Amino acid sequence: MSQNSKPSRVLCLFAAMLCAGSAALTIASSQAAAQQVPTGTYIPDGYSIATVPTPEGAVFAASGLDVNAAGDIAVATRFGEVWVLPADKADDDIAPDDWQLFAEGLSEPTGLLYDIDGTILVAQKPELTRLVDANGDGVADDYIAVAQGWGFHDNYHEYNFGPVRDAQGNLYGTLNTSHNDPDGFSKNNNGMGSGGGLRGWAYKVARDGTFGRYAYGLRSPAGLGIGPDGLIYYTDNQGDWMETSAIFILRENRFYGHPSSLRDHPDFTMEQIDAMSVQELEAMRELPAIWVPYREVGNSPGNPDWDETGGKFGPFAGQMFIGDQTQSNVFRAISEEVDGQIQGAVINFANNFQSGNIRTAFDHKGRLWVGQTQRGWGATGGEPYGLEILQWDGATMPFELLDISIIDGGFAITFTEPVAAASRDGAFLASQWNYQYGPDYGSLKYNLADVPVTGAVWSDDGRMVTLSMPLETGKVVAIDFAALRDADGREPSSAKVFYTVNRLRK
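What this report covers is the structure whose coordinates are included nearby. (Residues numbered from 1 in each chain as written. Predicted model: local features only at pLDDT ≥ 70, side-chain atom pairs only at ≥ 80, totals over all residues. Heavy atoms only, no water.)

## Focus on unusual backbone geometry
Phase 1: Here the bond from Gly162 into Pro163 is cis, since omega is -5 degrees, no more than 30 degrees from zero.
Phase 2: Among the secondary structure elements, Pro163 is positioned in strand β10 (residues 160-165).
Phase 3: Its identity is not glycine, yet Asn180 carries a phi of approximately 55 degrees, on the positive side.
Phase 4: Mapped onto the elements of the fold, Asn180 is located in the loop between β12 (178-179) and β13 (192-193).
Phase 5: A positive phi angle, near 70 degrees, is found at Leu198, a position not held by glycine.
Phase 6: For Leu198, the position within the fold is in the loop between β13 and β14 (201-205).
Phase 7: You can call Leu198 buried: its relative accessible area is 6%. (Helix = DSSP H or I, 4+ residues; strand = E, 2+ residues; numbered from the N terminus. Buried < 20%, exposed > 50% of the residue type's maximum accessible area, 1.4 Å probe, protein only.)

Take a look at the structure:
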């Protein structure tokens, strides 16, 4: 699209198929015995999910979501529209006609950002586009191309995710690998590949508008976020060359594991890539900050957003919240820096959303907006698309794991409420495992073993416990605390936490 040209309306067609194919079904069934998939409903006390009315007749498959400084809500849908809900309408009595159609005719956008100048940036498949309301009537007049520096082959899986903007004003986006592209390259022929044109790359648009390559080896990097620490976080989805879904720190000129992207790297030829062993590729790759255990927490995570609401969302200040498209849930991620490495844990937070959760954004009232779509892949929630709000009542303190941090020889765990003394003895069970990198669709749990909890020392107020146990780097440690109760006999809604040990505390 060229500057100041409004595109004709494009009706995108979507394949109603599981991208994972039969390989996904095989790995899911073979892992089932080693995993306890959450059942029933889990949500902390004091929290609720509310469905947001959306425009009548609109296919509101929310694939982009942001909140601006004034409190306006903007949503991009996969069918090429952008809708805006003004801040004064974003209350508890939202009506379908409160939404205004801001833009249309886009090519399956999967990301949206309110820019600092008040315009809206949309990541659609062939370009990053700036939408400008030039006359102030609430409808975009100009569709301005910001970046087009990648190849687009009309493959249904060639998504463009993002953007996010860092403190210096640079923009970042991520480009999905293709799927079953007959002209694409897929090492080991597992479907996800590249027809060229920076598939599997992250890109950067500098403040002066210069487009550049940023990182490579991404598979299905469906979510981007800038953390309070200023780092760029992204999530990737389990599949070939991606053992399970994961949260990464995106760093310049780093390789994240999927070899198809190497076809666009100047230092590699196709013959070299074909000849590279799994061991050579593994030695090049960046490890994730946090692994997301398959099915137990998530299958296909979206973007992270951080609770910076000043307590309006409850006691989880500073933590990361991520929706999952397949599981129709929201989970928390708790991160810390250990020996220069970001690592941490994930734990389920709330499930039973109506559709697949792909986009999250906190508003100024402390509510978490959740954009949803099934797209044809399917999701636990039965609705094909929608928008919901997850919110805290402002008064009820839930009984949940609040924080976890690795220490020398174990972990320090804090709870939101004091733990009843009668429930503490022998309450913790732990196990650990690692994953195996390679071309297969996902990985089993390798070296799965129980970890002895050799000590548990509680603080005087009963809110913190120091656990002693042997730890190894390169492992995911699962800690089960389902036996714990608070003084009122309440059990935590989510009672297993998964910590990725990249470094040991010295």
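## Brief notes about the pattern of salt bridges
Two side chains that carry opposite charge are able to pair once their charged atoms sit near each other.
Phase 1: Counting across every chain of the model gives 21 salt bridges.
Phase 2: A salt bridge links Arg199 to Glu158; its shortest N-O distance comes to 3.7 Å. Separated by 41 residues along the polypeptide, Arg199 in the loop between β13 and β14 and Glu158 in the loop between β9 (142-147) and β10 bring together distant segments of the chain. With respect to class, Arg199 is no different from Glu158; both count as buried.
Phase 3: Residue Asp240 pairs with Arg219 through a salt bridge whose shortest N-O separation is 2.8 Å. Of the two residues, Asp240 is situated in the loop between β17 (232-236) and β18 (246-249) and Arg219 in the loop between β15 (211-216) and β16 (223-226); the sequence distance between them amounts to 21 residues. The residues Asp240 and Arg219 share a single accessibility class, namely buried. (Salt bridge = Lys/Arg side-chain N within 4 Å of Asp/Glu carboxyl O.)

## Focus: the side chain of Asn357
Phase 1: Mapped onto the elements, Asn357 comes out in strand β24 (residues 357-362).
Phase 2: With residues up to four places along the chain from it excluded, the contact list for Asn357 reads Gly323, Asp324, Gln325, Ser328, Asn329, Val330, Val370, Gly371 and Gln372. (Contact = heavy atoms within 4.5 Å.)

## Things to note about the packing of aromatic side chains
Phase 1: A complete count under the given rule lists 31 aromatic pairs for this structure.
Phase 2: When the ring of Phe321 is compared with that of Phe349, the centres are 5.2 Å apart and the planes differ by 85 degrees; the resulting orientation is edge-to-face. Of this pair, Phe321 sits in strand β21 (residues 320-324) while Phe349 sits in strand β23 (residues 341-350); the two residues are 28 residues apart in sequence, bridging distant segments of the chain.
Phase 3: Here Trp433 and Phe498 contribute two aromatic rings whose centre-to-centre distance is 6.3 Å and whose plane-to-plane angle is 65 degrees, an arrangement assigned as edge-to-face. Of this pair, Trp433 sits in strand β29 (residues 429-434) while Phe498 sits in strand β34 (residues 496-501), and the two are 65 residues apart along the sequence. You'll find Trp433 and Phe498 in the same group, each marked buried.
Phase 4: In textbook terms, an aromatic cluster arises when at least three aromatic residues are bridged by ring pairs, as seen for Tyr47, Phe313, Phe316, Phe321, Phe349, Phe362 and Trp392.
Phase 5: One residue, Arg213, lies across the ring of Trp201, its end atom 5.1 Å from the ring centre.
Phase 6: One Lys or Arg, Arg424, reaches over the ring of Trp458 and ends 4.7 Å from the middle of that ring. (Phe/Tyr/Trp six-rings, centres within 6.5 Å; stacked < 30°, edge-to-face > 60°. Lys NZ or Arg CZ within 6 Å of the ring centre and 35° of its normal.)

## Structural notes on the nonpolar core
Phase 1: Of all hydrophobic cores here, the largest spans 34 residues; its most connected members are Ile247, Leu250 and Val346.
Phase 2: Of all the secondary-structure elements, those providing two or more residues to this core are β15, β17, β18, β19 (290-291), β21, β22 (329-338), β23 and β33 (475-480).
Phase 3: Per element, the largest residue contribution to this core is four residues, and it comes from β18.
Phase 4: Membership of the second largest hydrophobic core comes to 29 residues, among which are Ala345, Phe411, Phe415 and Val501. (Core = buried A, V, L, I, M, F, W, Y, C linked by side-chain atoms within 4.5 Å.)

## Some words on the sheet that holds strand β20 (residues 301-306)
Phase 1: Spatially, eight strands are ordered β20-β21-β22-β23-β34-β33-β29-β30 in an open sheet, and the strand pairing comes out antiparallel. The open sheet has two free edges, formed respectively by β20 and β30 (446-451), since each of these has just one partner strand. Neighbouring strand axes in the sheet, compared pairwise and without regard to direction, differ in orientation by 25 degrees on average.
Phase 2: Pairing of β29 with β33 involves five bridges; the strand directions are antiparallel. Paired with Gln432 across the strands is Val477, a residue of β33. (Pairing = 2+ DSSP bridges. Axes fitted to C-alpha atoms, helices over the stretch in contact; angles between N-to-C directions.)

## What about the sheet that holds β19?
Phase 1: The four strands lie next to each other as β16-β17-β18-β19, forming an open sheet whose pairing is antiparallel. Of all strands in the sheet, those with a lone pairing partner are β16 and β19, marking the two edges.

## Focus: the environment of Leu101
Phase 1: On the secondary structure map, Leu101 appears in strand β5 (residues 100-103).
Phase 2: Of the residues examined, Leu101 reaches a relative accessible area of 26% and is grouped as partly exposed.
Phase 3: Taking the C-alpha atoms as reference points, Leu101 and Ser328, 227 residues apart in sequence, are found 27 Å from one another.
Phase 4: Residues in contact with Leu101, not counting those within four places in the same chain, are Glu81, Val82, Trp83, Gly138 and Val139.

## Observations regarding the side chain of Asn348
Phase 1: Following the sequence through the fold, Asn348 ends up in strand β23.
Phase 2: A polar contact is formed between the side chain of Asn348 and the side chain of Asn329, at a distance of 3.4 Å.
Phase 3: What Asn348 contacts, discounting residues up to four positions off in sequence, is Pro38, Tyr42, Glu296, Val297, Asn329, Val330, Phe331 and Ser494. (Polar contact = N/O pair within 3.5 Å; in protein donor to acceptor, adjacent residues only side chain to side chain.)

## Notes on the environment of Arg165
Phase 1: Take Arg165: it is sitting in strand β10.
Phase 2: Using a relative accessible area of 22% as the deciding quantity, one classes Arg165 as partly exposed.
Phase 3: Separated by 49 residues in sequence, Arg165 and Ile116 place their C-alpha atoms 9.3 Å apart.
Phase 4: Each residue touching Arg165, except ones within four places of it in the same chain, is listed here: Leu113, Asp115, Ile116, Leu121, Arg130, Asn170, Leu171 and Ile226.
Phase 5: A distance of 2.7 Å separates polar atoms of two side chains, one belonging to Arg165 and the other to Asp115.

## Topic: the pairing of strand β4 (residues 82-85)
For a regular strand, side-chain orientation follows a simple rule: the groups alternate between the two sheet faces.
Phase 1: Side chains Val82 and Val84 of β4 all project onto a buried face; the interleaved residues Trp83 and Leu85 project onto the opposite face, where all are buried too.
Phase 2: Note: strand β3 (residues 73-77) against β4, four bridges, orientation antiparallel. Bridged to Ile73 within β4 is Leu85.
Phase 3: Hairpin connection between β3 and β4: a loop of four residues separates the two successive antiparallel strands, and Gly80 in this loop has a positive phi of roughly 95 degrees.
Phase 4: Across three bridges, β4 lies against β5 in antiparallel orientation. Bridging from a neighbouring strand, Trp83 pairs with Leu101 of β5.

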